[in-house]
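# Report on the structure
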Amino acid sequence: MANVAHEYTVVALVQDRPGVLNRVSSMFRRRGYNIVSLAVGHSEKVGLSRMTFVVDCDDATIDQVRKQLDKLIEVIEVTDMTELASVTRELALIKVASSPETRSEIIQLVDIFRANIVDVTADSVIIEVTGDENKVDSLLTLLEDFGIVEIMRTGRIAIPRGMATP
Amino acid sequence: MKLTGGQIVCESLLQEGVTDIFGLPGGAMLPLYGTLPQYPQINHILVRHEQGAAIAADGYARATGNVGVCWATSGPGATNLVTGLANAMMDSVPLVAITGQVGRPAIGKDAFQETDVTGVTLPVTKHNYLVMHASEISGAIKEAFYIARTGRPGPVLVDIPKDVFTEVAEFVYPDSVDLPGYRPAFEPDVKNIETAAEILNSAKRPVILAGHGVILSKASSELRELAEKAQIPVITTLLGISSFPESHILSMGMPGMHGVAWASYALHEADVILSLGARFDDRVTGDLRRFAPDSKKIHFDIDAAEIGKTVSTSVGVVGDLKLGVQKLIPMVNQGNHPEWIRRIEQLRDEHPSLQIRKTSKLLPQYILKKISEITESKAIIVTGVGQHQMWAAQHCAFEEPGTLITSGGLGTMGFEVPAAMGAKVARPDKVVWSIAGDGGFQMTLSELATIAENNIDVKFAILNNNFLGMVRQWQEFFYESEYTATHYTGNPDFVKLADAYGLVGIRVEDAADVEGAIRQAMNTPGAVIVDFMVEQEENVFPMIPAGESIYELMEEPSEIEEPV
Ligand SMILES: Cc1ncc(C[n+]2csc(CCOP(=O)(O)OP(=O)(O)O)c2C)c(N)n1
């Protein structure tokens, strides 16, 4: 078992019941697993949701994470996306300070990143960007000089490619 | 049929074959208690403390293999169950606990006796439910029993608001459960069993490590067949004790922190460890980095998450243990490990861990040996936690599966009184001895009233050292004999206490009176408390200090003893 820490992406299909998020997060907390991000939303099936976890740990631990998740009664299926061919995305909303002098520069950056400006006020803009974390991080770095006021990130979501949907 | 929520609870319990419930009422449970007289088939045993109810249900479950049932009212009643639930969770014991909750409109308002019981018990139950409609009670109870007894067993709690007990709904008991995320007790993968057989067949120094799983899956006869065919010595964990007859030539007893030396050494020297329903607990392995360094581990377990949790394994076989071992038996070679068996004999000779030294003092080890002899290993032995527990594991001989009932994973002091009560209610045909510490006994002795009231025939042996003995032992070894907060100087007179409850009490101060007292207790109808005033500073050996390797065990120092 390798002991190198790594970011793993795990997707769980869960029953949409009160308390299920509590059960899942309680399991992570009590066993000391480190969640980097967690995103939850409805799945294509009525009454079932998908959770995407990004977990920072080593090989042996991710094996335990998968098994301990699977042990929860309301968890139907657990998939480790790390090694699967998959599409991963994150959405971020970034509020940046702006002035008439800087606005066009910001717009240029936004265009290069194929991001959108979704709100403009006299002294700020809100940028919406989707992509993998690298893309979001790069944009954030470039925006720093303008003055980032607030960031809202959804955390990673992931879906496997092709028809072999787990 | 339209019934109230309370009636639906009782009807559902009847559907599950429940005959005995341990409980104590309160405001939120009044409507349920109100319906109870309509169900004379259900024997409700009124405890004195809800911890007693949960632990009695635990003892009941372990004595029969069936689901134990307890219930309690909202708030403090429910929180008093928590220790018992945590205990059952750690030891994989099937329990269903029902708790009353404040009425639906009051939930979340910090109402009188409101506690977030599903929240509190979430990490100490296998699953739990808050049932918000009477129409959902039967489904929740059906699922609760199913989840509790299948797969790796465990406790399930069902929390029901007071006004749901009075709500009327159509009663239908579902005949199946719909749990898409729960697929227990499946057939183990034959490929993995083949790999396991290959590893076993090339082993030179194999051992079997048998755990609670053998008892839970009723795989004792398969274990025996396997061990005999392949000639593999069987080491039993604390909870695995009684899964393999201790009179058997291949029986090696318990390893680990207070296990017998030869079992620990054999584990350490083994080249293959076949773990059957055991979980490589730290009390067994000692320092993990130095645990059985030259061995391949084969791990059979119903719980996939146990495989690779603490030790890395060569192969894991996930599934029902009985099925797995049945499939393994024809694949293993007729065994022959004469050198290994000789080595183990040598270890036994060189490290005679179970010798009781000759002395006129009243030794706890001697008492346990006598209880075991006089009951001919046929009694159910229930213990508390501490020195007396380890001595019972060492010096009582167990032959039948399920005859040792003890709190392993949680180490719950006070287990000895209610668990013995539950075991006797479950198995009135069995002699039940509770081996108690004077510390643990006082944690739950309130149940003596329950025992007296219901004529529950438990024989208590208090190994009374006036100490929290196990902690005192650690203080002696690791804290320069500084006996801080372990000396009990104000113990009650347990014989008078027995009398106060209308029970028979016997005091024993001399080794010469041990046998007589045990026989007297067994010949006296009803519960008896024998207060054995044992040697106060006796230590449990062998001992592996926490965090040490199991190869570095401390054995009993040889001392010159006065003749008897
Ligand atoms: C509920 C609980 N509290 C504290 C402990 C810690 N503990 C472990 S053994 C022990 C001493 C037990 O004393 P006693 O019941 O008299 O048994 P003895 O060791 O003397 O045989 C204590 C305090 C525990 N296991 N359980």
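Treat the numbers as computed from the prediction; the structure is a model and nothing was measured.

## Re the overall build of chain A
- A tally of regular secondary structure across chain A gives 4 helices and 9 strands.
- When the helices and strands of chain A are listed from N to C terminus, the series reads β-α-β-β-α-β-β-α-β-β-α-β-β.
- For chain A, with 166 residues in total, the buried portion stands at 40%.
- Within chain A, residue pairs in contact and separated by at least 24 positions form 72% of the contacts whose partners lie at least 6 positions apart.
- When the accessible surface of chain A is summed, it comes to about 9,000 Å², and 52% of that surface belongs to carbon and sulfur atoms.
- Side-chain charges in chain A split into 18 positive and 25 negative, and the spacing between the mean points of these groups amounts to 9 Å.

## Concerning the site of the ligand
Residue and element names in this part refer to chain B.
- The local shell around the ligand holds 17 residues, among which Gln387, His388, Gly439, Gly440 and Gly469 are the closest.
- One of the backbone nitrogen or oxygen atoms of Gln387 is found 2.8 Å away from an oxygen atom of the ligand.
- At 3.4 Å, a backbone N or O of Asp438 approaches an oxygen atom of the ligand.
- Coverage of the ligand by the protein chains reaches 75% of its 590 Å² of free accessible surface.
- Among the secondary structure elements, those contributing two or more residues to the shell around the ligand are helix H17 (387–395), helix H19 (438–444) and helix H21 (469–478).
- Partitioned by chemical class, the residues of the shell around the ligand number 7 nonpolar, 9 polar and 1 charged.

## Digging into the sheet that holds strand E7 (residues 155–161) of chain B
Residues and elements named next belong to chain B.
- The strand order across the open sheet built from 6 strands is E3-E2-E4-E5-E7-E6, with neighbouring strands paired in parallel fashion. Each edge of the open sheet is held by one strand with a lone partner, namely strand E3 (43–46) and strand E6 (127–130). Across this sheet, the average inter-strand angle for adjacent strands is 20 degrees, counted without regard to direction.
- As defined by bridge partners, strand E2 (residues 20–24) adjoins E3 across 4 bridges and the pair is classed as parallel. Bridge pairing links Asp20 to Asn43 in E3.
- Against the sheet, helix H7 (residues 137–149) contacts strand E4 (68–72), strand E5 (95–101), E6 and E7, and its axis sits at roughly 165 degrees relative to E7.

## Quick word on the side chain of Lys126(B)
All names here are of chain B.
- Summarising the element assignment, Lys126 is placed in the loop between helix H6 (117–121) and E6.
- The buried charged residue Lys126 lacks any salt bridge partner; its closest oppositely charged side chain belongs to Asp303, at an N-O distance of 8.7 Å.
- Within polar-contact distance, the side chain of Lys126 engages the backbone oxygen of Ile147 at 2.7 Å.
- At 2.8 Å, the side chain of Lys126 forms a polar contact with the backbone oxygen of Arg152.

## With respect to the side chain of His258(B)
Residue and element names in this part refer to chain B.
- Tracing the backbone through its elements, the reader meets His258 in the loop between strand E11 (251–253) and helix H12 (261–269).
- The buried category is assigned to His258, whose relative accessible area is 4%.
- Once residues lying within four places of it in the same chain are set aside, the contact partners of His258 are Met390, Gln394, Met470, Gln473, Val540, Pro542 and Met543.

## Structural notes on the packing of helix H9 (residues 190–201) of chain B against helix H14 (residues 321–328) of chain B
Residues and elements named next belong to chain B.
- Closest axis-to-axis distance for the H9/H14 pair is 10 Å, and the angle between their directions is 55 degrees. With respect to H14, the element H9 is oriented oblique. Two packed elements cross with a definite hand, and for H9 against H14 that hand is right-handed. The segment H9 lies against H14, with Val190, Ile193, Ala196, Ala197 and Leu200 engaging Gly324, Lys327 and Leu328.

## Regarding the domain arrangement of chain A
Residues and elements named next belong to chain A.
- For chain A, the assigned domains read domain 1 (6–80) and domain 2 (87–159).
- Measuring from the centre of the C-alpha atoms in domain 1 to the corresponding centre in domain 2 gives 29 Å.
- Across the contact, 8 residues belong to domain 1 and 5 residues belong to domain 2.
- Remark: the boundary between domain 1 and domain 2 carries 1 salt bridge.
- Among the salt bridges present, the one from Glu7 reaches Arg156, with a minimum N-O distance of 3.1 Å.
- Inspection of the region where domain 1 meets domain 2 yields 3 residue pairs in polar contact (both at pLDDT 80 or more).
- Looking at the side of domain 1 that touches domain 2, the elements that each hand over two or more residues are strand E1 (6–15), strand E2 (35–42) and strand E3 (48–57).
- Tallied by class, residues from the side of domain 1 that touches domain 2 come to 4 nonpolar, 3 polar and 1 charged.

Criteria and thresholds
- Residues numbered from 1 in each chain as written.
- Chains lettered and ligands numbered in written order.
- Predicted model: local features only at pLDDT ≥ 70, side-chain atom pairs only at ≥ 80, totals over all residues.
- Heavy atoms only, no water.
- Helix = DSSP H or I, 4+ residues; strand = E, 2+ residues; numbered from the N terminus.
- Buried < 20%, exposed > 50% of the residue type's maximum accessible area, 1.4 Å probe, protein only.
- Contact = heavy atoms within 4.5 Å.
- Areas by Shrake-Rupley, 256 points an atom, 1.4 Å probe, with all protein chains shown as cover.
- Lys, Arg positive; Asp, Glu negative; His and termini not counted.
- Charge placed at Lys NZ, Arg CZ, Asp CG, Glu CD.
- Near = heavy atom within 4 Å.
- Polar contact = N/O pair within 3.5 Å; in protein donor to acceptor, adjacent residues only side chain to side chain.
- Nonpolar A, V, L, I, M, F, W, Y, C, P; charged D, E, K, R; others polar.
- Pairing = 2+ DSSP bridges.
- Axes fitted to C-alpha atoms, helices over the stretch in contact; angles between N-to-C directions.
- Salt bridge = Lys/Arg side-chain N within 4 Å of Asp/Glu carboxyl O.
- Parallel < 35°, antiparallel > 145°, perpendicular 65-115°, else oblique.
- Left-handed = near helix turned anticlockwise from the far one by under 90°.
- Domains from an automatic or database assignment.

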